Structures are given as structure tokens and as C-alpha cells.
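# Observations on the three-dimensional arrangement
Here is what each chain is made of, one letter per residue.
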Amino acid sequence: MRRKVIIANWKMNYDFHETTYFIRNFLRIVFEKKINHKKEIIIAPSFPFLHISNQILQGTTLNIAAQNIHQKNKGSYTGEISAYMLKSIGIQKVILGHSERREFFLEKNNILLEKIKIALKYGLNIIFCVGESDLERSNNKQFKIVQNQLTETVFHCTSDEIKSFYIAYEPIWAIGTGKTATSEQAQTMHKFIRSLFLEKYGKNISNEISILYGGSINDINAKNLFYQKDIDGGLVGNSSLNLEKFLKIIQS
Ligand code: PEP
């Protein structure tokens with residue numbers, strides 16, 4: 001069955017105290033109040049706090065993801081973190097291809113493919129982001145762009161490897177801007193992405209793969225977006241930093 005998933009991408013926010021305070025509070029509220037969310041919940045804090053966050057969540061159904069990895073497993077890459085290291089502290093998931101990584105750290109599709117391969121080698125699940133810019137959408141190139149992003153990366157994987165993926169459609173113009181895609185725009189793209197998986201991997205995989213929407217999701221618009229047939233949840237940035245809003249989103 002296709003999983004419904006909500007991922008909190010905290011980016012470069014929250015220190016040690018804020019991270020642990022949020023996660024402990026979140027857990028307490030979700031379990032004490034028995035909040036019925038019926039979704040897989042994944043939180044992606046910053047690197048230094050992955051270990052402690054993972055320890056706090058041990059024995060719960062909640063999961064932790066890293067926000068990035070390097071494409072090599074070890075070596076002279078000052079300042080970098082590898083899948084091999086994450087695996088050793090029990091991390092099972094990683095976000096790859098986020099538009100901020102593509103834009104600010106110049107991660108092109110060939111690098112992302114290397115990252116995918118190393119993540120798979122270490123048994124990590126991958127939350128892979130795709131999405132077009134404002135200009136690309138104004139030129140009606142959004143479908144071509146997203147198709148290329150998948151063809152040059154994820155579609156190099158086998159049917160077996162694809163089971164380790166979540167796909168996140170994140171139009172760049174909607175990320176952190178407060179300008180959400182309409183439910184119709186998002187559903188149209190998600191349907192298109194699912195059709196690409198159908199063409200490449202067949203019916204079972206295209207039915208099973210979780211395709212999440214990301215881009216200015218909040219506690220008001222989440223319900224409508226998640227109601228769409230091909231939208232299986234969300235990748236949430238800003239609104240996931242606010243406990244009250246995030247609790248509303250997971251219940252949407
Ligand atoms: C993101 O960074 O993945 C994201 C969707 O951010 P926001 O929700 O703030 O638009």
C-alpha cells in the first residue's frame with residue numbers, strides 16, 4: 001500500500017536545545033493525546049543533532065532523516081558527511097536533490113546520481129526532490145524539467161532499488177515563498193510523475209511510490225493538497241518549525 005508521509009525539513013535551523021525540546025514535546029503530545037495522524041512522520045534536523053534525535057525517537061514509529069550526504073563514503077573531503085557515517089549512528093533516510101542544494105551548492109544531476117548510488121549502497125531510504133523554477137513554469141517547461149531530473153538520476157535505478165525512494169515534487173517558486181501551488185497544479189504534476197514511473201517501472205511501482213508535495217505547505221492549505229489523488233503527503237519547511245502548525249499538518 002502507498003504510504004502517506006509527512007517530512008519536516010528543518011534546514012539550518014534549531015540548535016541542540018531547540019531540536020531536542022521540539023522532538024520531546026512533539027512526541028509527548030502525539031502519544032499522550034493519542035493524536036490520530038495515520039501518517040509516517042520523518043524529521044530532518046541538522047547533522048550535529050541527528051544522533052540525539054534518533055535516540056529520542058528509538059522505539060517510536062517516528063523517523064529521522066539527514067538533509068544531505070557526500071557522494072563518496074570516506075576520504076579527503078573536509079567538512080563533508082557520508083552515508084557510511086550516518087549508517088553508523090543508525091540513520092536510515094536522507095533527503096537528496098533539494099533545490100537549495102542544487103542552487104547554492106551546485107549539485108547537478110550527475111552528482112545527485114552518485115549520491116543516490118552511495119545512499120543505496122549503505123541501505124538508506126532516499127527522499128528525492130524535483131521541481132521547476134518560476135521561469136521554467138512561465139515557459140511551460142515544468143514537465144520537461146521534472147522529467148529530465150528523474151531521467152538523469154532516479155531512473156538509473158533498478159525496480160528493486162526504487163522501493164527505497166520517496167519522491168518530493170517541490171516547485172522552486174513555492175519553496176519558502178508563501179506562494180503554494182494550487183491543489184490542481186500540484187495534482188497535475190504528481191499525476192505526470194506517477195505516469196513516468198508507470199512507463200519506466202510498471203503498474204505496481206507507480207501505484208506504490210509515495211509522491212509528496214513541498215512548497216509553502218501550512219496548516220490551512222495542507223488538507224486540500226493532501227486530499228488530491230496522487231499527493232501522498234508533504235515535505236514541509238517553515239511550517240514544520242512551529243509545533244502547533246506541524247501538529248495540525250500531520251492531522252490534515
Ligand atoms: C522545503 O524546503 O523543502 C520546503 C518545502 O520549504 P517551505 O515549506 O518553507 O516552502
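So, a few notes on the structure that sits alongside this text. Only a predicted model underlies this, so the values are computations on that prediction, with no experimental measurement involved.

To continue, consider the nonpolar core. Within the largest apolar cluster, 68 residues are counted, with the highest numbers of intra-cluster contacts made by Phe 26, Phe 165, Ile 167 and Phe 197. Non-local contacts of Ile 167, meaning those with residues more than four positions away in its chain, are made with Phe 128, Val 130, Leu 150, Val 154, Ile 193, Phe 197, Ile 209, Ser 210, Ile 211 and Leu 212. Of all hydrophobic cores here, the second largest spans 12 residues; its members include Ala 44, Ala 168, Leu 212 and Leu 235.

This next bit is on the state of the cysteines. Note: disulfide means a covalent bond formed between the sulfur atoms of two cysteine side chains. Here the structure, examined in full by the defined rule, presents 0 disulfides. Cys 157 supplies the cysteine sulfur nearest to Cys 129, a cysteine that is in no disulfide, at a spacing of 15 Å. Overall, the relative accessible area of 1% leaves Cys 129 in the buried class.

To continue, consider the sheet that holds strand S5 (residues 125-130). Taken in spatial order, the 8 strands line up as S1-S2-S3-S4-S5-S6-S7-S8 and close into a barrel, and their pairing is parallel. The mean inter-strand angle of the sheet, taken between neighbouring strand axes irrespective of direction, is 25°. Relative to strand S8 (residues 233-236), strand S7 (residues 211-214) is paired through 2 bridges, and the arrangement is parallel. In the strand pairing of S8, Tyr 213 is matched with Gly 234. In the packing of helix H7 (residues 142-151) onto the sheet, the strands contacted are S5 and strand S6 (165-169), and the crossing angle to S5 comes to about 150°. Contacts from helix H12 (residues 243-250) reach strand S1 (5-9), strand S2 (40-44) and S8, with the element oriented near 160° to S1.

The next subject is empty space enclosed by the protein. Scanning the entire structure with this criterion turns up 1 cavity of 30 Å³ or more. Considering only enclosed or pocket space, the largest cavity measures out at about 40 Å³ in volume. Taken together, Gly 97, Ser 99, Arg 102, Cys 129, Val 130, Gly 131, Gln 149, Glu 170, Ile 172 and Ile 175 form the lining of the largest cavity. For the lining of the largest cavity, the class distribution of residues is 4 nonpolar, 4 polar and 2 charged.

Attention now moves to the site of the ligand. In the vicinity of the ligand, 14 residues are found, and the nearest of them are Lys 11, Glu 170, Gly 176, Ser 216 and Gly 237. In this structure, Glu 170 approaches the ligand through a side-chain N or O atom, which is 2.7 Å from an oxygen atom. Computed on the free molecule, the ligand has an accessible area of 290 Å², of which 99% lies beneath the protein chains in the complex. The site holding the ligand turns out to be the second largest pocket. Of the residues that constitute the shell around the ligand, the class distribution is 4 nonpolar, 8 polar and 2 charged.

If you walk through the whole model with that rule in mind, you get 14 salt bridges. Of the charged contacts in the structure, one is a salt bridge between Glu 161 and Lys 117, with a shortest N-O distance of 3.4 Å. Of this pair, Glu 161 sits in helix H8 (residues 159-162) while Lys 117 sits in helix H5 (residues 109-121), placing them 44 residues apart in sequence. Lys 117 gets classed as partly exposed once you look at its relative accessible area, which sits at 35%.

Over the atoms, a rolled probe matching the size of one water molecule traces out where space is still vacant. Each pocket or cavity is described by its volume, and for the largest pocket that value is around 490 Å³. Residue lining of the largest pocket: 19 residues in total, with Phe 47, Gln 67, Asn 68, Arg 101 and Phe 105 positioned closest to the centre. For the lining of the largest pocket, the element with the highest residue contribution is helix H4 (residues 99-104), accounting for 3 residues. Residues belonging to the lining of the largest pocket are distributed by class as follows: 8 nonpolar, 7 polar and 4 charged. Lining the second largest pocket we find 20 residues, and of these Lys 11, Gly 176, Ser 216, Gly 237 and Asn 238 sit closest to its centre. Residues belonging to the lining of the second largest pocket are distributed by class as follows: 6 nonpolar, 12 polar and 2 charged.

Criteria and thresholds
- Residues numbered from 1 in each chain as written.
- Predicted model: local features only at pLDDT ≥ 70, side-chain atom pairs only at ≥ 80, totals over all residues.
- Heavy atoms only, no water.
- Core = buried A, V, L, I, M, F, W, Y, C linked by side-chain atoms within 4.5 Å.
- Buried < 20%, exposed > 50% of the residue type's maximum accessible area, 1.4 Å probe, protein only.
- Contact = heavy atoms within 4.5 Å.
- Disulfide = S-S within 2.5 Å.
- Pairing = 2+ DSSP bridges.
- Helix = DSSP H or I, 4+ residues; strand = E, 2+ residues; numbered from the N terminus.
- Axes fitted to C-alpha atoms, helices over the stretch in contact; angles between N-to-C directions.
- 1 Å grid on protein atoms, 1.4 Å probe; cavity = no way out; pocket = protein on both sides within 12 Å on 5 of 7 lines; lining within 4 Å.
- Points joined across faces, edges and corners; volume = space filled by probe spheres on them.
- Nonpolar A, V, L, I, M, F, W, Y, C, P; charged D, E, K, R; others polar.
- Near = heavy atom within 4 Å.
- Polar contact = N/O pair within 3.5 Å; in protein donor to acceptor, adjacent residues only side chain to side chain.
- Areas by Shrake-Rupley, 256 points an atom, 1.4 Å probe, with all protein chains shown as cover.
- Sits in = over half its atoms within 2 Å of the grid points.
- Salt bridge = Lys/Arg side-chain N within 4 Å of Asp/Glu carboxyl O.

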